[in-house]
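Here's the letter readout for the chains.
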Amino acid sequence: MNSNRLYFIDIIRAFAILMMLQGHFINTLLADSYKDLNTIPYSVWNYFRGITAPTFFTISGLIFTYLLLKAKEKGEDKLRMRKGIVRGFFLIGIGYLLRIPFLSWFSGYFNSSFLVIDVLQCIGLSLIILVVIYYLCAKRIVLFSIILLALGFLIFISEPLYRAISLDSLPALLNNYVSKDNGSIFTITPWFGYIAFGAYIATLFHLSLIHI
C-alpha cells in the first residue's frame, strides 16, 4: 500500500514534543544544586531546552501550512481552513480550561489568573491568523509565502518596540495576548514570528516539490 505520508515531518513533530516534555520534567524534578551553568552537561541541556519552544512553534507552523497546501492540491483547502479555525479555537479553549482554578472557584474565591496566556492559546491564535492570511492572499501561494517571510522578519526586527508594551486600556482577556504584565508566559509577539517562519519554510518545500 502506497502512502504519501512524509515521515520526516512525523519525526520532527515527535522530536519537538519529546523535547518539550523532557524539558519540563527535568527542570521540575532536578534539584537546584545540580542546576549549575558552569557544568558542561547542564549548560548543554539548558541550551537545548532554550530552543525547544522556538522549535515547537516553528514546526507547528510548518506542519499546519504544509497540510493546508497539500489540501489545496486536492481542492480540499476550504475544509482544511475550517479545521484550522476550529482547531485554533479548540486549543485556545483548552488552554484556558487547564488554568481554571476549580477548587478556588468552588470555595468562592475568584481571580483572573486563568486568563494568563500559555503555549496552547498562542498556537491556537497563530493557526487562526495563518488561515486568515491565506484567505486574504486569495490562496496564492507565492504571495502567501512572501507575506509570511516579511511578517516573520518584521516581528523580530521590531521586538524592542513591543518588548515592554502594555495595553492596559484593553480588557485583560486581550491585553494578555500582547503583554506579560499579568503573568502571560507566551504572547502573540514574538512567538507568531516562529510560526510564520515555519509556515514560510512549508511554502518553499511545497513549491520545490511542485517543480520537481
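Residues numbered from 1 in each chain as written. Predicted model: local features only at pLDDT ≥ 70, side-chain atom pairs only at ≥ 80, totals over all residues. Heavy atoms only, no water.

Enquirer: Would you mind showing me how to read the packing of aromatic side chains here?
Expert: Remark: the centre distance and the inter-plane angle together describe each pair of aromatic rings, the angle taken between the planes. Within the structure shown, the criterion is met by 11 aromatic pairs. Between the aromatic rings of W191 and Y194, the centroid separation amounts to 5.3 Å while the plane-to-plane angle is 35°, which identifies the pairing as tilted. One end of the pair, W191, and the other, Y194, are both in helix α10 (residues 188–210), three residues apart, so they sit about a helical turn from each other. Each residue in the set F57, F153, F156, F186, W191, Y194 and F197 is aromatic and connected to the rest through ring pairs, giving one cluster. (Phe/Tyr/Trp six-rings, centres within 6.5 Å; stacked < 30°, edge-to-face > 60°. Helix = DSSP H or I, 4+ residues; strand = E, 2+ residues; numbered from the N terminus.)

Enquirer: Hey, could you run me through unusual backbone geometry in this one?
Expert: In terms of backbone geometry, most residues other than glycine have negative phi values and most peptide bonds are trans. A cis geometry characterises the amide bond from T189 onward to P190, with omega recorded as 10°. Looking at the secondary structure, you find P190 in helix α10. Residue A138 is not a glycine yet carries a positive backbone phi of 55°. Here A138 shows up in the loop between α6 (119–136) and α7 (141–157). Backbone geometry places K139, a non-glycine residue, at a positive phi of 65°.

Enquirer: Got a minute to help me understand the packing of helix α1 (residues 7–29) against helix α2 (residues 40–50) in this structure?
Expert: The description of two helices packed together rests on the angle between their axes and the distance between the axes. Across the interface, α1 lies against α2 with an axial gap of 10 Å and an inter-helix angle of 130°. Looking at the two axes, α1 sits oblique to α2. Crossing of α1 over α2 shows left-handed handedness. Note on element contacts: α2 touches α1 through W45, F48 and R49, opposite M19, Q22, G23, H24, I26 and N27. Residue composition of the contact of α1 with α2, grouped by class: four nonpolar, four polar and one charged. (Axes fitted to C-alpha atoms, helices over the stretch in contact; angles between N-to-C directions. Parallel < 35°, antiparallel > 145°, perpendicular 65-115°, else oblique. Left-handed = near helix turned anticlockwise from the far one by under 90°. Contact = heavy atoms within 4.5 Å. Nonpolar A, V, L, I, M, F, W, Y, C, P; charged D, E, K, R; others polar.)

Enquirer: What exactly am I supposed to notice about the environment of L204 here?
Expert: Within the fold, L204 resides in helix α10. As a C-alpha pair, L204 and G75 span 129 residues in sequence and 20 Å in three-dimensional space.

Enquirer: What exactly am I supposed to notice about the environment of I59 here?
Expert: Locating I59 in the fold gives a position in helix α3 (residues 52–73). For I59, a relative accessible area of 12% translates into the label buried. Residues contacting I59, with those up to four places away along its chain left out, are I12 and R13. (Buried < 20%, exposed > 50% of the residue type's maximum accessible area, 1.4 Å probe, protein only.)

Enquirer: Help me understand α3 in this model?
Expert: Note on helix geometry: an α-helix contains 3.6 residues per turn, so any two residues three or four positions apart are oriented the same way. With 22 residues, α3 ought to run about 32 Å at 1.5 Å a step, and its terminal C-alpha atoms sit 32 Å apart, in line with that. Among the 22 residues in α3, 17 count as buried, and that is most of the element. Positive phi appears at G75, one or two residues downstream of α3, with a value of about 75°. (Expected span 1.5 Å × (residues − 1).)

Enquirer: Which parts of the structure should I look at to understand the packing of α3 against helix α4 (residues 77–99)?
Expert: The contact between α3 and α4 brings their axes to 7 Å, and the two run at 150°. Taken together, the axis directions place α3 and α4 in an arrangement best described as roughly antiparallel. Residue-level inspection shows F64, L67, L68, A71 and K72 of α3 in contact with α4, the latter providing D77, R80, M81 and G84. Residue composition of the contact of α3 with α4, grouped by class: five nonpolar, one polar and three charged.

Enquirer: Would you explain the confidence of the model for the chain in this entry?
Expert: Close reading of the predicted structure is inappropriate where its pLDDT is low. This prediction gives the chain a mean pLDDT of 86; 96% of its residues lie at or above 70. The lowest-confidence element of the chain is helix α5 (residues 102–106), averaging 75 in pLDDT; the highest-confidence one is α7, averaging 95. (pLDDT = per-residue confidence, 0-100.)

Enquirer: Before we go on, may I ask you to explain the pattern of salt bridges in this structure?
Expert: Side-chain pairs of opposite charge can arise whenever the charged atoms involved come near each other. As enumerated under the stated definition, the model contains five salt bridges in all. A salt bridge links K35 to D32; the shortest N-O distance between them is 3.7 Å. You can call K35 partly exposed: its relative accessible area is 28%. Its salt-bridge partner being D77, residue K139 comes within 3.6 Å of it at the nearest N-O pair. With a gap of 62 residues between them, K139 in the loop between α6 and α7 and D77 in helix α4 connect regions that are remote in the sequence. (Salt bridge = Lys/Arg side-chain N within 4 Å of Asp/Glu carboxyl O.)

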